[in-house]
Amino acid sequence: MDEDALSRDDVIGKVCLTRDTLATHPKGFSGWARLMEVDPDEEVQGEIHLRLEVVPGTRACRLRCSVLEARDLAPKDRNGASDPFVRVRYNGRMQETSIVKKSCYPRWNETFEFELEEGAAEALCVEAWDWDLVSRNDFLGKVVFNVQRLWAAQQEEGWFRLQPDQSKRRREEGNLGSLQLEVRLRDETVLPSGCYQPLVQLLCREVKLGTQGPGQLIPLIEETTSTECRQDVATTLLKLFLGQGLAKDFLDLLFQLELGRTNEANTLFRSNSLASKSMESFLKVAGMRYLHGVLGPIIDKVFEEKKYVELDPSKVEVKDVGCSGLHRPQTEAEVLEQSAQTLRSHLGALLSALTRSVRACPAVVRATFRQLFRRVRERFPSAQDENLPFIAVTSFLCLRFISPAIMAPKLFHLRERHADARTSRTLLLLAKVRDCGRRREMPRWVLNKGPYLDCVVFPTGSRKASWLATGGPERGQHGHAGFQGQGGVDGTTATHSAPGRGPAKGLHHQTGGHPGERGIKGKGPLMSSSFKKLYFSLTTEALSFAKTPSSKKSTLIKLANIRAAEKVEEKSFSSSHVMQVIYTDDVGRPQTAYLQCKCVNELNQWLSALRKVSINNTGLLRSYHPGVFRGDKWSCCHQRDKTDLGCDKTRSRVTLQEWNDPLDHDLEAQLIYRHLLGVEATLREKHQQLRAGPKTGAVPTGPGEALGDPLAQLLQVLQDLREAHRASLAGSPRSEPSRLLELQT
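Treat the numbers as computed from the prediction; the structure is a model and nothing was measured.

Hey, could you run me through the overall build of the protein in this one?
The secondary structure content of the protein amounts to 21 helices and 24 strands. Long-range pairs, those at least 24 residues apart, make up 69% of the contacts in the protein between residues at least 6 apart in sequence. Accessible surface for the protein amounts to roughly 38300 Å². Of this, 50% is attributable to carbon and sulfur atoms.

Following this line, the structure appears as structure tokens:
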């Protein structure tokens, strides 16, 4: 798309990847794809409800086509809706339904008949169109039926997906450009929880026993995991153990394994091992809210100010300064000094935020850092390595978490868009100054302050030292902040925490569901001004909202009472970023809350989160109204019965994969099973080697003989899960799997 500030965005081109195409790339599609012309006749959506019958007639049989209703049609008009009608064609004859004004969910209930000649090869074509008074009608989609098949079946009824019109020959539009994409489609069948319990219990037992246990399943998993999928495996294992309350124990086991094979202190946690990847995933899962609280205001200020910052003399851009015609070129020294001042200001704010954030750091994160600190000190107890525990903590917290978030805030959900070139340079310099705090040649008083005070120290003769050291004076000015930072490191590795409230969302709210509600009366569209600005918070128990982020008085919607979370038609509120939460109050009466989000990304994030936390609720709705009941009818389908069944189907399982997703224990176990299944041959080979060892006992041949052999137990569990999947495909009544179709782009 080409963004336009005042008018509608222009379409440049599109890339289409079919499901069959993605199925031929198990590891995902990666590469450049050419943009194609966007033909309006190919951009269709929605479904149509038809009933087709072959009925006997006096002279010949007749084909009866009943056009009942349609849903989720493409909005073609400026008002966010369409004026749809249906055109039915057969054997040279054409009949049309009436026009339903301003609706993407029309209902016709009209029937047409055609004479049916035995053996006729003509197809029945049902087309949906948007009626326009002045310009030509817009195509909405079509469905084509084989009449011979209908003759054999005599009757067919159901919802049919509208298909594009691909009869026109595509004209050449020249080179529209290309998009570089990485797309992966993952199709998983998730079994009931009981099927995964043996696998989960086996892995949890290994973690609880730690390095003192008889098995080495975790080292084997690391050994058999390739570099390209290590991050995915680490994230899945981390989430699995986090859900079992064993995240700290799992990471502690990885710390011990990593330290056990590290001889040189300078190489500690430098590689992309399972320990490093798991720790990165842990910080993103458990510490993202903390990161947003600390970095959010500083990153926002950098983006808003857009000041020019450059410390490298070879890259300085000299510009004119002054006013009233007294312009003079700014000297290089002035640019460097102003840049240093700007950087000191941002760094000072960051240090101050970090020193105040100790209690906000999650307890499980601090406990994990405390354990890491102890393990490193036990492994390297000599006086010359006394700073190594601090370096280990800051290498994860700073180098692998805070600094990457500074350099790429969008990837950490701190900003909705990537930074421009100037802002990106400022963020890079700020992150580099912070990264220098990890260097091992620094004195202990600096290292002790780890993530809260960083000195720019480079080896003598380093090229970077000559210009990046411009940030040096800042350290003396903020010495007191650095002293507070010592408590910050110790506090970050402590095991207690103070309760805190999560960040609030600025949304708008309006309740619905009863006659006479404020804002629902009248016949015209409701505008954005009809909403009140409220701050929302989603927890594991309820969706709450209040007038201010710090307000003690808030209204709650219990998650157990949510029946659906869906989008609202654009025409309903003259906004395309409105969603609705349908729920029941404490006495069981239906209620609807309409929430207006800032953008489409925020809309989808809230829909995804609410659907995930309510996916197992009883009484979830199968249909809903995407409009509002205004005046005496629904704005979407124009039905006058307020309690009428919804005109569109709910989408409770259509979600995003977000960093703050609730844990899905069954899915994580399924993904681990899928990975282990891929390396099963290697595991069996390893088991054969262990069985052939001189100190190995009898060879286990079945589940009963494998009790003391964790690897044999693991292989048996994999076999049982394989049989459970086969049973689910065969339709076994004892297995009721769920289907997960995940698209990563």
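Mind showing me how you'd approach the sheet that holds strand 6 (residues 107-115) here?
In a beta sheet, neighbouring strands pair by backbone hydrogen bonds and run either parallel or antiparallel. Taken together, the four strands give an open sheet; going across it, the order is 6-3-2-9, and neighbouring strands pair in antiparallel fashion. A single partner strand is all that each edge strand has here, and the edge strands are strand 6 and strand 9 (155-161). In this sheet, neighbouring strand axes are inclined to one another by 15 degrees on average, regardless of whether the strands run parallel or antiparallel.

I tried to follow the packing of aromatic side chains on my own but got confused; where do I start?
A ring pair, where both rings are aromatic, is described by two values, the distance of the centres and the angle of the planes. With the rule as written, the count across this model stands at twelve aromatic pairs. Pairing phenylalanine 536 with tryptophan 606 gives two aromatic rings, centres 6.3 Å apart and planes at 80 degrees, and the pair type is edge-to-face. Here phenylalanine 536 is found in strand 14 (residues 532-538), whereas its partner tryptophan 606 is found in helix 18 (residues 600-613), with 70 residues between them in sequence. The pair phenylalanine 536 / tryptophan 606 is uniform in exposure class, with both members buried. Here the aromatic cluster, defined as three or more aromatic residues joined through ring pairs, consists of Phe255, Phe269 and Phe396.

Is there a simple way to think about the layout of surface pockets in this case?
If you roll a probe as big as a water molecule over the atoms, it shows you where there is empty space left. When its volume is computed, the second largest pocket comes out at roughly 1900 Å³. With six residues, helix 18 is the largest single contributor of residues to the lining of the second largest pocket. Grouping the constituent residues of the lining of the second largest pocket by class yields 19 nonpolar, nine polar and 21 charged.

How should the packing of helix 3 (residues 193-209) against helix 21 (residues 710-729) be read in this particular structure?
In helix packing, the relevant descriptors are the interaxial angle and the interaxial distance, both defined with respect to the helix axes. Closest axis-to-axis distance for the helix 3/helix 21 pair is 9 Å, and the angle between their directions is 160 degrees. In terms of orientation, helix 3 lies roughly antiparallel with respect to helix 21. Two packed elements cross with a definite hand, and for helix 3 against helix 21 that hand is left-handed. Residues Cys195, Tyr196, Pro198, Leu199, Leu202, Arg205 and Glu206 of helix 3 touch helix 21, and the partners they reach there are Pro710, Gln713, Leu714, Val717, Leu721, Ala724 and His725. Taken together, the residues that form the contact of helix 3 with helix 21 break down as ten nonpolar, two polar and two charged.

I keep staring at empty space enclosed by the protein and nothing clicks. Help me out?
Under the definition given, this model contains three cavities of 30 Å³ or more. Taken as a whole, the largest cavity holds about 80 Å³ of empty space. As for the largest cavity, its lining consists of Ile562, Arg563, Ala564, Ala565, Glu566, Arg611, Ser614, Ile615, Leu620, Leu621, Thr650 and Ser652. Here the lining of the largest cavity takes five residues from strand 17 (residues 562-567), the largest share from any one element.

Would you mind going over helix 8 (residues 288-305) with me for this structure?
Given 3.6 residues per helical turn, the α-helix brings residues three or four places apart onto the same face. If you check helix 8, its first and last C-alpha atoms are 25 Å apart, about what 18 residues at 1.5 Å a residue would give, namely 26 Å. In helix 8, a bend of some 45 degrees at leucine 295 exceeds every other bend along the element, and proline 297, a proline, comes one to four places later. Along helix 8, the residues classified as buried are Met288, Tyr290, Leu291, Val294, Leu295, Gly296, Ile298, Ile299, Val302 and Phe303. Phi turns positive, to about 55 degrees, at lysine 306, one or two residues after helix 8.

Quick question: what am I supposed to make of the environment of arginine 107 here?
Of note, arginine 107 is situated in strand 6. Placed 58 residues apart in sequence, arginine 107 and histidine 49 show a C-alpha to C-alpha distance of 9.3 Å. Those residues in contact with arginine 107, other than ones at most four positions away along the chain, are Leu68, Glu69, Val100, Cys637, Gln639, Asp644, Leu645, Gly646 and Cys647. Within polar-contact distance, the side chain of arginine 107 engages the side chain of glutamate 69 at 3.4 Å.

Help me out: how do you make sense of the pattern of salt bridges in this one?
Where charged atoms of side chains with opposite charge meet at close range, the side chains can pair. In total, this model carries 36 salt bridges according to the counting rule given. A salt bridge links arginine 425 to glutamate 310; its shortest N-O distance comes to 2.8 Å. Of this pair, arginine 425 sits in helix 12 (residues 421-435) while glutamate 310 is found in the loop between helix 8 and strand 11 (320-321), placing the two residues 115 residues apart along the sequence. Here the residues in one salt-bridge network are Lys14, Glu42 and Glu43, joined through shared partners.

Which parts of the structure should I look at to understand the sheet that holds strand 24 (residues 738-744)?
The sheet built from three strands is open, its strands ordered 1-10-24 with antiparallel pairing. The open sheet terminates on both sides in strands that have one partner only, identified here as strand 1 (29-34) and strand 24. Along the sheet, successive strands turn relative to each other by an average axial angle of 30 degrees, direction set aside. Sheet analysis places strand 10 (residues 178-190) next to strand 24, joined by seven bridges and oriented antiparallel.

So what exactly am I meant to see when it comes to helix 20 (residues 680-691) here?
End to end, helix 20 covers 16 Å across twelve residues, agreeing with the expected 16 Å (1.5 Å per residue, within 8%). Those residues of helix 20 not exposed but buried are Glu680, Leu683 and His687. Seen from one end, helix 20 has its buried residues packed into an arc of 60 degrees, which puts them on one side. Opposite the buried face of helix 20, by more than 90 degrees, sit the exposed residues Ala681 and Glu685. Tucked inside the fold, the buried residues of helix 20 contact helix 4 (217-223), helix 19 (665-678) and helix 21.

Would you explain the pairing of strand 4 (residues 84-90) in this entry?
Here is the key point about a regular strand: its side chains alternate between the two faces of the sheet. Where burial is concerned, most of strand 4 is hidden: six out of the seven residues are buried. Bridge count for strand 4 against strand 7 (residues 124-130) is six bridges, and the pairing is antiparallel. Paired with arginine 87 across the bridge in strand 7 is glutamate 127. Of the pairings in the sheet, the one linking strand 4 to strand 5 (residues 93-96) comprises four bridges and is antiparallel in character. From the neighbouring strand, valine 88 faces strand 5, where its bridge partner is glutamine 95. Linking strand 4 back to strand 5 in an antiparallel pair, the connection comprises two residues, with asparagine 91 at a positive phi of about 55 degrees.

Looking at this structure, how should I read the side chain of aspartate 83?
Looking at the secondary structure, you find aspartate 83 in the loop between strand 3 (62-71) and strand 4. Here aspartate 83 is buried and forms no salt bridge, its nearest opposite-charge partner lysine 101 lying at an N-O distance of 5.8 Å. Those residues in contact with aspartate 83, other than ones at most four positions away along the chain, are Asp77, Ile99, Val100, Lys101, Lys102, Trp129, Asp130 and Trp131.

Criteria and cut-off values
The residue numbers shown here count from 1 along each chain, following its written sequence. Residues qualify for local features only when their pLDDT is at least 70, as the model is predicted, and side-chain atom pairs are given and counted only at 80 or more; totals for whole chains, interfaces and linings, by contrast, use all residues. Heavy atoms throughout the structure, all of them, feed into the side-chain values; hydrogens and water do not. We count a stretch as a helix when DSSP gives it H or I for four or more residues in a row; a strand needs E for two or more, and each element gets its number in order from the N terminus. Here, residues are in contact when the closest pair of their heavy atoms is within 4.5 Å. The accessible surface values rely on the Shrake-Rupley method and a 1.4 Å probe; as for residues, cover is taken only from the protein chains in view. Two strands qualify as a pair provided that DSSP identifies no fewer than 2 bridges between them. Angular values range over 0 to 180 degrees, each being the angle between N-to-C directions of two axes fitted as lines to C-alpha atoms, with helices fitted over their stretch in contact. Whether two aromatic rings pair depends on their centres lying within 6.5 Å, for rings of Phe, Tyr and Trp, where Trp uses its six-membered ring; planes under 30 degrees apart make the pair stacked, over 60 edge-to-face, and the rest tilted. The buried label goes to any residue with under 20% of its type's maximum accessible area, the exposed label to any with over 50%, and the partly exposed label to all in between, with areas taken from a 1.4 Å probe on protein chains only. Think of a 1 Å grid over just the protein atoms. A cavity is a set of points where a 1.4 Å probe fits yet cannot get out, a pocket is an open set with protein on both sides within 12 Å along at least five of seven lines, and lining residues have an atom within 4 Å of a point. Grid points are joined across faces, edges and corners, and a volume is the space filled by probe spheres set on the points. For this classification, the nonpolar set comprises Ala, Val, Leu, Ile, Met, Phe, Trp, Tyr, Cys and Pro, the charged set comprises Asp, Glu, Lys and Arg, and every other residue, Gly included, is treated as polar. Between 65 and 115 degrees an angle is taken as roughly perpendicular, under 35 as roughly parallel, over 145 as roughly antiparallel, and anywhere else as oblique. Whether a crossing is left-handed or right-handed is set by the direction in which the near helix is turned from the far one by less than a right angle, anticlockwise for left-handed and clockwise for right-handed. Every helix has an expected span of 1.5 Å times one less than the residues it contains. By definition, a residue's bend is the angle between the axes fitted to the seven residues ending there and the seven starting there. Pairs of N or O atoms are called polar contacts if they sit within 3.5 Å, as long as, within protein, a hydrogen donor faces a hydrogen acceptor (for residues adjacent in sequence, only side-chain-to-side-chain pairs). The term salt bridge refers to a side-chain nitrogen of Lys or Arg lying within 4 Å of a carboxyl oxygen of Asp or Glu. The directions considered for the arc run from the helix axis to the C-beta atoms. Only four residue types enter the charge count, namely Lys and Arg as positive and Asp and Glu as negative; His and the chain termini do not.

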